[in-house]
Amino acid sequence: MRHASIKTKFLVPAVSLVIAGFALVIWLNSSMTRTSMETMLKESMTLINEGIAKDVGGDIGITLQMLSVWADEDSVRSSITSGEAAEAVTHFRRILKKLDNKTLQYINIFNLKGDLLGTTAEGSNAKVNVADRDYFKAIVEGKNANAIGKAIKSRTTGKKVIILSQSVVDSKGALIGVLTAAIDLDSITAQVNAMKIGTTGYVAILEKSGMTVAHPNSEFLLKDDIAKTDWGQKALAVEEQDYFQFKDGTTRAVSVRKDKATGWTYLVFAPLEDVQSAASSMAQKSLMVGGGIAIVLAAFIIWLINTTIARPINRCVDFASAVAEGELGKELAHSSNDELGRLADALRHMVTKLKEGIEHLGAKEAEATALAKRAEDALEEARVAQTKADAARSQ
């Protein structure tokens with residue numbers, strides 16, 4: 001029966017332990033890397049969402065402030081009372097040209113009946129009436145100083161817009177008309193999606209009713225498709241901010257923020273495949289580096305065990321086998337200060353003692369042979385003497 005060598009008994013568990021240890025470290029590193037990257041993604045998305053909400057909400061707030069200032073101008077009041085808004089329109093066109101704001105599309109002036117008196121939009125229909133619009137009713141019927149309307153298709157330009165409205169009052173504080181500004185939804189979408197989020201990440205904005213006011217896919221604008229989904233309803237129910245994951249053909253993460261001023265819900269989406277891909281890439285690199293280190297370390301362990309244990313033991317075994325076969329002149333070429341060195345010294349001392357014993361036995365054998373020779377000679381002499389004595393007596 002063949003027994004496993006001591007080298008095998010050392011190497012197999014040692015190398016296995018090294019490989020298992022590095023595999024565990026690589027797995028833990030991969031898991032921690034993915035968790036860390038997901039945490040970083042969450043924090044980044046939250047910051048991006050906060051920044052976008054501040055930018056868009058800030059633009060809305062600034063536009064409302066400008067409307068408040070413009071509504072207090074005499075040219076606006078006179079255009080409403082006289083029904084002739086050409087002067088005010090020319091004034092606002094100069095302002096919009098200086099502002100060079102692509103999001104602010106046009107400015108309209110309405111009387112209390114909702115009839116359009118003047119607009120900065122080129123080629124618009126002068127017979128537009130908005131008495132049924134929510135932003136108009138909020139001023140005329142709701143007695144609000146200003147309002148943010150729902151996302152609509154503009155009757156002035158036919159484009160998808162958000163209308164901001166501001167009351168216009170006379171010197172006595174009586175309401176005489178409404179001044180509005182149109183915010184282009186396509187421009188808002190371009191603004192919020194200027195920053196790339198992974199490979200397929202994007203930003204969307206929903207108004208209170210769930211209508212989409214910003215989305216990279218224009219087909220979603222002015223529709224409540226997102227609000228009809230389970231994750232869309234969950235997002236709309238958020239009061240301040242939240243972060244969660246959902247499946248929509250692929251696993252996505254979404255950061256949600258509710259803007260109290262506008263009531264809009266900001267959604268920042270990111271594909272988790274990006275995180276998984278990055279984590280897998282890092283895991284592969286870790287595997288390559290860890291595998292290389294494991295191979296080098298295993299090779300070092302093999303060399304160390306061969307040099308310090310296996311070879312000295314093999315020399316001692318070969319020496320003992322040679323001595324067992326009678327080769328007492330065999331030399332054992334190993335010397336060290338460890339247990340194997342003491343074993344080699346003991347084997348050499350054993351052979352020395354064995355040689356001395358053999359030499360002593362040889363000497364004793366020679367002495368016994370000499371004594372036997374002398375005894376034999378004495379007996380021979382006795383026989384000769386006896387023969388002579390017998391011969392003498394017979395004469």
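Here is what the cut-offs are and how they apply
Residues numbered from 1 in each chain as written. Predicted model: local features only at pLDDT ≥ 70, side-chain atom pairs only at ≥ 80, totals over all residues. Heavy atoms only, no water. Salt bridge = Lys/Arg side-chain N within 4 Å of Asp/Glu carboxyl O. Helix = DSSP H or I, 4+ residues; strand = E, 2+ residues; numbered from the N terminus. Buried < 20%, exposed > 50% of the residue type's maximum accessible area, 1.4 Å probe, protein only. Contact = heavy atoms within 4.5 Å. Core = buried A, V, L, I, M, F, W, Y, C linked by side-chain atoms within 4.5 Å. Phe/Tyr/Trp six-rings, centres within 6.5 Å; stacked < 30°, edge-to-face > 60°. Lys NZ or Arg CZ within 6 Å of the ring centre and 35° of its normal. Pairing = 2+ DSSP bridges. Axes fitted to C-alpha atoms, helices over the stretch in contact; angles between N-to-C directions. Lys, Arg positive; Asp, Glu negative; His and termini not counted. Polar contact = N/O pair within 3.5 Å; in protein donor to acceptor, adjacent residues only side chain to side chain.

K.L.:
What's the story with the pattern of salt bridges in this structure? I'm lost.
P.N.:
In this structure the tally under the stated criterion is 9 salt bridges. Sharing partners across several salt bridges, the network here consists of Asp72, Asp74 and Arg77.

K.L.:
How do you make sense of the side chain of serine 167 when you look at a structure like this?
P.N.:
Within the secondary structure, serine 167 is located in strand β4 (residues 160-169). Residue class for serine 167 comes out buried when judged on its relative accessible area of 15%. Leaving out residues up to four positions away in the same chain, serine 167 has contacts with Ala71, Ile139, Asn144, Ala145, Leu175 and Gly177.

K.L.:
Honestly, the nonpolar core in this entry has me stumped. Any pointers?
P.N.:
In a soluble, globular protein the nonpolar side chains are often hidden away together inside. Formed by 47 residues in total, the largest nonpolar core has its most connected members in Val56, Trp70, Phe92, Ile162, Leu179, Val192 and Ile205. Broken down by element, the residue count for this core peaks at 12 residues, all from helix α1 (residues 6-71). Grouped together as the second largest cluster of nonpolar side chains are 16 residues, Val130, Ala138, Ala147 and Val161 included.

K.L.:
I would appreciate a short explanation of the packing of aromatic side chains in the present structure.
P.N.:
Centre-to-centre distance and the angle between the planes together describe a pair of aromatic rings. Within this structure, the stated rule accounts for 7 aromatic pairs. Between tryptophan 70 and phenylalanine 92 the ring centres are 5.4 Å apart and the planes differ by 55 degrees, which places this aromatic pair in the tilted class. Linking tryptophan 70 in helix α1 with phenylalanine 92 in helix α3 (residues 86-99), this pair joins segments that are 22 residues apart in sequence. Overall, phenylalanine 92 belongs to the buried group, its relative accessible area being 1%. Across the ring face of phenylalanine 244, the terminal group of lysine 234 is positioned such that the distance to the ring centre comes to 4.3 Å.

K.L.:
Any chance you could explain the sheet that holds strand β8 (residues 241-247) here in plain terms?
P.N.:
Two pairing modes exist for strands in a sheet, parallel and antiparallel, and in both the strands are linked by backbone hydrogen bonds. One open sheet accounts for 5 strands, arranged β7-β6-β10-β9-β8; its pairing is antiparallel. Every interior strand has two partners, whereas the edge strands, β7 (212-214) and β8, have only one. Neighbour-to-neighbour, the strand axes of this sheet turn through a mean angle of 30 degrees, independent of strand direction. As paired elements, strand β6 (residues 202-206) and strand β10 (residues 265-271) share 5 bridges and run antiparallel to each other. Counterpart to alanine 204 in the pairing with β10 is leucine 267. Docked against the sheet, helix α5 (residues 185-192) engages β6 and β7, running at close to 60 degrees with respect to β7.

K.L.:
Teacher, can you tell me more about the sheet that holds β4 here?
P.N.:
Strands sit in the order β2-β1-β5-β4-β3 across an open sheet of 5 strands; the sheet is antiparallel. Edge strands, defined here as strands with exactly one partner in the open sheet, are β2 (116-119) and β3 (146-153). Here the strands of the sheet are splayed against their neighbours by 25 degrees on average, with no regard to which way each runs. Here 3 bridges tie strand β1 (residues 104-111) to β2, and the two strands are oriented antiparallel to one another. Looking at the pairing, phenylalanine 110 lines up with leucine 116 of β2. Seen against the sheet, helix α2 (residues 74-82) touches β1, β2, β4 and β5 (175-184) and runs at an angle of roughly 115 degrees to β5. The strands touched by α3 are β1, β2 and β5; relative to β1, the strand with the most contacts, the crossing angle is about 160 degrees.

K.L.:
Would you mind showing me how to read the side chain of arginine 133 here?
P.N.:
Locating arginine 133 in the fold gives a position in the loop between β2 and α4 (134-140). The side chain of arginine 133 is buried and forms no salt bridge, while aspartate 132, the nearest opposite charge, is found at 4.9 Å. A polar contact is formed between the side chain of arginine 133 and the backbone oxygen of lysine 153, at a distance of 3.2 Å.

K.L.:
How should the pairing of β5 be read in this particular structure?
P.N.:
On a regular strand, each side chain points to the face opposite its neighbour's, so the side chains alternate between the two faces of the sheet. With 9 of 10 residues buried, β5 is to be regarded as a mostly interior element. Note that β1 and β5 share 7 bridges and pair antiparallel. By the bridge assignment, leucine 104 is partnered in β5 with isoleucine 183. Here β4 runs beside β5; their pairing, made up of 9 bridges, is antiparallel. Each bridged residue has a counterpart across the sheet, and for leucine 164 the counterpart in β5 is alanine 181. Hairpin connection of β4 to β5: 5 residues between the antiparallel strands, including glycine 173 at a positive phi of 90 degrees.

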